[in-house]
Structures are given as structure tokens and as C-alpha cells.
Amino acid sequence: MNTLKQRLMSISQFYIAIASKISLLEPVALLAARFYVGWAFFASGLTKLRDWDSTLMLFEYEYQVPVLPFELAAYLGTAAEITLPLLLMAGIASRFSALGLFVVNIVAVISLEDIAAAAFAEHVLWGTLLLQVVIFSGGRFAMDRIAEEKLFNTKTANL
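Nothing here was measured: the structure is a model prediction, and the numbers come from that model. (Residues numbered from 1 in each chain as written. Predicted model: local features only at pLDDT ≥ 70, side-chain atom pairs only at ≥ 80, totals over all residues. Heavy atoms only, no water.)

(A) Summary view of unusual backbone geometry. In the Ramachandran plot, Ala93 falls in the positive-phi region, its phi being about 50° despite a non-glycine side chain. Its location among the elements puts Ala93 in the loop between helix 4 (70-90) and helix 5 (94-111). On the basis of relative accessibility, which here comes to 33%, the residue Ala93 falls in the partly exposed class. Of note in the backbone geometry, Ser137 takes a positive phi value of approximately 75° without being a glycine. Accessibility expressed as a relative area gives 14% for Ser137, which makes it buried. (Helix = DSSP H or I, 4+ residues; strand = E, 2+ residues; numbered from the N terminus. Buried < 20%, exposed > 50% of the residue type's maximum accessible area, 1.4 Å probe, protein only.)

(B) Expanded view of helix 4. Its 21 residues place the ends of helix 4 30 Å apart at the C-alpha level, agreeing with the 30 Å of an ideal helix rising 1.5 Å per residue. Those residues of helix 4 that fall on the buried side of the exposure criterion are Ala73, Ala74, Gly77, Thr78, Ala80, Glu81, Ile82, Leu84, Pro85, Leu88 and Met89. Packing partners of the buried residues in helix 4 comprise helix 2 (26-50), helix 3 (52-62), helix 5 and helix 6 (117-136). One or two positions beyond helix 4, positive phi appears at Gly91, with a value near 80°. (Expected span 1.5 Å × (residues − 1). Contact = heavy atoms within 4.5 Å.)

(C) Region of the structure containing the side chain of Ser94. Mapping Ser94 onto the fold places it in helix 5. In this structure Ser94 touches Arg34, Leu88, Val133, Gly138, Ala142 and Asp144, once residues within four positions along its chain are discounted.

(D) Examining the packing of aromatic side chains more closely. As enumerated under the stated definition, the model contains four aromatic pairs in all. Ring geometry for Trp52 and Tyr75: centres 4.9 Å apart, planes at 45°, overall tilted. Of this pair, Trp52 sits in helix 3 while Tyr75 sits in helix 4, and the two are 23 residues apart along the sequence. Here Tyr75 falls in the exposed class, since its relative accessible area comes to 51%. Taking 4.9 Å as the distance between ring centres and 90° as the angle between the ring planes, the aromatic pair formed by Phe59 and Tyr63 counts as edge-to-face. For Phe59, a relative accessible area of 9% gives the class buried. (Phe/Tyr/Trp six-rings, centres within 6.5 Å; stacked < 30°, edge-to-face > 60°.)

(E) Fine view of the confidence of the model for the protein chain. Scored by pLDDT, the protein chain comes out at a mean of 91, with 96% of its residues at no less than 70. Here helix 7 (residues 143-152) is the element of the protein chain with the lowest mean pLDDT, 83, and helix 4 is the one with the highest, 97. (pLDDT = per-residue confidence, 0-100.)

So, in C-alpha cells, the structure goes:
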């Protein structure tokens, strides 16, 4: 019985050592998630700006944005796709910008009558990564963390 207990303790210590090393990757993973999703939405916003007439036509005939008139939806959607990703990538108001892009992402999925399976899967991935930022914040490499430390004289845990 004693050897079983020793074995379990050894496995537990090994797990804790590995988990602590993997935890060091958390800030990098959050940064990568912020940039991956941020760039996807920012590029979409730039595409809308490049050809505004097409954007208005898409919002009028292709996208079925609920409640809002198509012109207002086009302006709001484009503004969100330009400003929120920049905030997200910089780590400024990370949770707010991630939540805003999460809403934009949901509206985009709802607004399209026919969405390809691959496109839907990509929206699910973006939504999951955005929720990760909403829940865990922007991570160590976010301006939020720096501002929090300066304003409240707090030091974050050793991650």
C-alpha cells in the first residue's frame, strides 16, 4: 500500500511540474488569440471600407441584420470591425473589445442565411477565442495589465 501512495505522489509531483511549465504559455496564448481574431475582423473592416458601395449593397440585400436599417448596420458593423480589433490587439479594454467582437461575430452568423460549414467553424473558433479573452482578460502582454499595475499598485501572480 505504501508503494501505491508513493507512486501516486510521484505522479502528482510530475503533473504539477509539467502544469506549471505549461502555464507559462498562457500570456503567449492569449496574445496569439487576440492577434489572430483581431486581424480577421480588422481585415474584414478594411475590405468594407475599400468598397463602400458594395458594402451597402451587401448589407441591403445579402446580410439580414435584425432590427437595424441596413445603412446603420453597415456603419456600426464597419466601425466595430475597425476599432474593436485595434483595441483587442493592443490589449486596451481587452474584455470590452472581445465582448464587442463576440457580438459582431454572432450578428454576422445570424445575418447570413446560408453559411458554409467551414465559415461557420471559423466563426465558432473566433467566438471561442473571444470568450477566452472575456473570461481571462488580455493576459500579461496587454496594456490593461500594465495600466492596472500602475493605477492600483498591484503586481500580478507569477505566470
